[in-house]
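One-letter residues, chain by chain:
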Amino acid sequence: MRHKLNPQVISFTQSGIRKFADEARTIPGIINFTIGEPEYDTPQAIKTAAYSAIDRNQTHYPPQQGLLALREAISAYETKTNHSTYTPSEIVITNGATEGLAAVLLAVLTEGDEVIIPSPMYVSYAPIIAFCKAKLVRLDTRSTDFQITPEALESLITPKTKLILITSPNNPTGVVLNQASLNAVKVAALAHDLFVLSDDVYHQLVFTETFAKLNGDPQLRDRLIITQSFSKPYAMTGWRIGYILADEPIAKAITLMHAYLVGGITTFNQHAAIEALNHDSTPMRDSYAHRRDIGLAALHSMSLPCVKPEGAFYLFPDISGCGLDSETFCLRAMREAKVALVPGVYFGADTNVRISYAISEGELRVGLERLKAFVEHLKTHEAR
Ligand SMILES: Cc1ncc(COP(=O)(O)O)c(C=O)c1O
């Protein structure tokens, strides 16, 4: 009966990142730079909140939009952190940002709509856009240090454009969009009556004191949709919990989509999420900033160009000087040098590779040494 299944679903392939991570796990002694999650465990207080919620029998169906207490806590957190004014009825608790993104795209897009996304981009957007029979339009940002220029953005807008999706800090580059990039998005969205979807899952992992963001911009409030997650700042990837912020009519539509997709989010996890909002994630963030510096200095010593990331836990060096495409580079690095990286081609940049430095400092240093030896070998013996 396979031939009767939805061809769109059949066309989905396993994420390339998974493929590399799976092979990496079979190689003894490998240093694994493919992992896109904090190496830390969930803080104890958050786990205790979940145990306690289970003991209190917080195990029944949750409200579809999410527990009111959690939405109130998020509303207060967002006001404090971003000076935004989302009421609990404008917040939807989701199964991580993954489901949040899917619920938003399914609620907004119809066949033939166009979605502009700066590229390189996170791998999970394209399949859902394809599922909606919408068209993904890539805005190649490689020549502008992964920033958006008004000219490049404007040149891609057509009468079918419905949404611009931005990710800052970005996965795979770690780059934070500057004010000029965000202005370009804002101007285009207002001029052409577009939605803006801002995937903010790395917002708490920005290394500078302040940074540009759209959250809280009153002029964009009626068209801005934000996806957030507890996964990265609180080391809660396995809890599968995140949230959406959107103007009330939009939040209502997304809640309907979300209700039919997942019903609601595990009740006791939502109690743990309330506790997570009290947790200070800055020590974790600072440890990533320190490792970013180590990684960047090492890449510099290998003469691999790399735009300085200001957040998340990724470096995205340009390996085009090594004479290999990104998949061959990563396959050989994994098998010959025992260091696993993710080919940039999976994110839309075959000239780069992604290094995730969410591993211990000791492993990071060993992995970078191995990478250096591999790159030097390629440059000396193979690249021309
Ligand atoms: C940019 C980006 N958005 C969304 C997600 C999904 O996060 P979650 O664990 O909340 O589903 C990730 C996970 O790596 C990500 O990198």
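Quick notes on the rules
- Residues numbered from 1 in each chain as written.
- Predicted model: local features only at pLDDT ≥ 70, side-chain atom pairs only at ≥ 80, totals over all residues.
- Heavy atoms only, no water.
- Salt bridge = Lys/Arg side-chain N within 4 Å of Asp/Glu carboxyl O.
- Helix = DSSP H or I, 4+ residues; strand = E, 2+ residues; numbered from the N terminus.
- Buried < 20%, exposed > 50% of the residue type's maximum accessible area, 1.4 Å probe, protein only.
- Near = heavy atom within 4 Å.
- Polar contact = N/O pair within 3.5 Å; in protein donor to acceptor, adjacent residues only side chain to side chain.
- Areas by Shrake-Rupley, 256 points an atom, 1.4 Å probe, with all protein chains shown as cover.
- Nonpolar A, V, L, I, M, F, W, Y, C, P; charged D, E, K, R; others polar.
- Pairing = 2+ DSSP bridges.
- Axes fitted to C-alpha atoms, helices over the stretch in contact; angles between N-to-C directions.
- Left-handed = near helix turned anticlockwise from the far one by under 90°.
- Contact = heavy atoms within 4.5 Å.

Take the pattern of salt bridges next. Pairing between side chains of opposite charge can happen when the charged atoms of each approach one another. One pass over the full model with this rule turns up 17 salt bridges. For Glu90, the salt bridge goes to Arg221, with nearest N and O atoms at 2.7 Å. Of the two residues, Glu90 is situated in the loop between helix H4 (68–82) and strand E2 (91–94) and Arg221 in the loop between strand E6 (195–199) and strand E7 (224–229); the sequence distance between them amounts to 131 residues. With a relative accessible area of 5%, Glu90 lands in the buried category. Put simply, Arg221 and Asp247 hold a salt bridge, and the shortest N to O gap is 2.9 Å. Linking Arg221 in the loop between E6 and E7 with Asp247 in the loop between strand E8 (242–246) and helix H9 (248–262), this pair joins segments that are 26 residues apart in sequence. Here Arg221 matches Asp247 in class, with each residue buried. A network of salt bridges, in which partner residues are shared, links Glu90, Arg221 and Asp247.

On to the site of the ligand, then. By nearness alone, 15 residues border the ligand, and Ala97, Thr98, Asp199, Ser229 and Lys232 come closest of all. Side-chain polar atom of Asp199 to a nitrogen atom of the ligand: 2.6 Å apart, as the coordinates give it. A distance of 2.6 Å separates an oxygen atom of the ligand from a polar atom in the side chain of Lys232. Bound to the protein, the ligand loses 93% of the 400 Å² it would expose on its own. Among the elements that line the shell around the ligand, the one with the most residues is helix H5 (residues 96–108), at four residues. Within the shell around the ligand, the residues separate by chemical class into six nonpolar, six polar and three charged.

Before going further, it helps to spend a moment on the sheet that holds strand E9 (residues 314–315). One open sheet holds the three strands; their spatial order is E9-E12-E11, and the pairing between them is antiparallel. Both edges of this open sheet fall to E9 and strand E11 (342–343), since each of them pairs with a single strand only. Sheet topology places E9 next to strand E12 (residues 353–356); two bridges connect them, and they run antiparallel. Paired with Leu315 across the two strands is Ile355, which belongs to E12.

Let us now look at the packing of helix H3 (residues 44–55) against helix H10 (residues 267–276). One way to put it is that H3 packs onto H10 with a least axis distance of 8 Å and a crossing angle of 145°. Two packed elements cross with a definite hand, and for H3 against H10 that hand is right-handed. For the pair H3 and H10, contact is made by Ala45, Ile46, Ala49, Ala50, Ala53 and Ile54 and by Phe268, His271, Ala272, Glu275 and Ala276, respectively. Class assignment of the residues belonging to the contact of H3 with H10 gives a composition of nine nonpolar, one polar and one charged.

Functional significance is not addressed by these values, which are geometric in nature.
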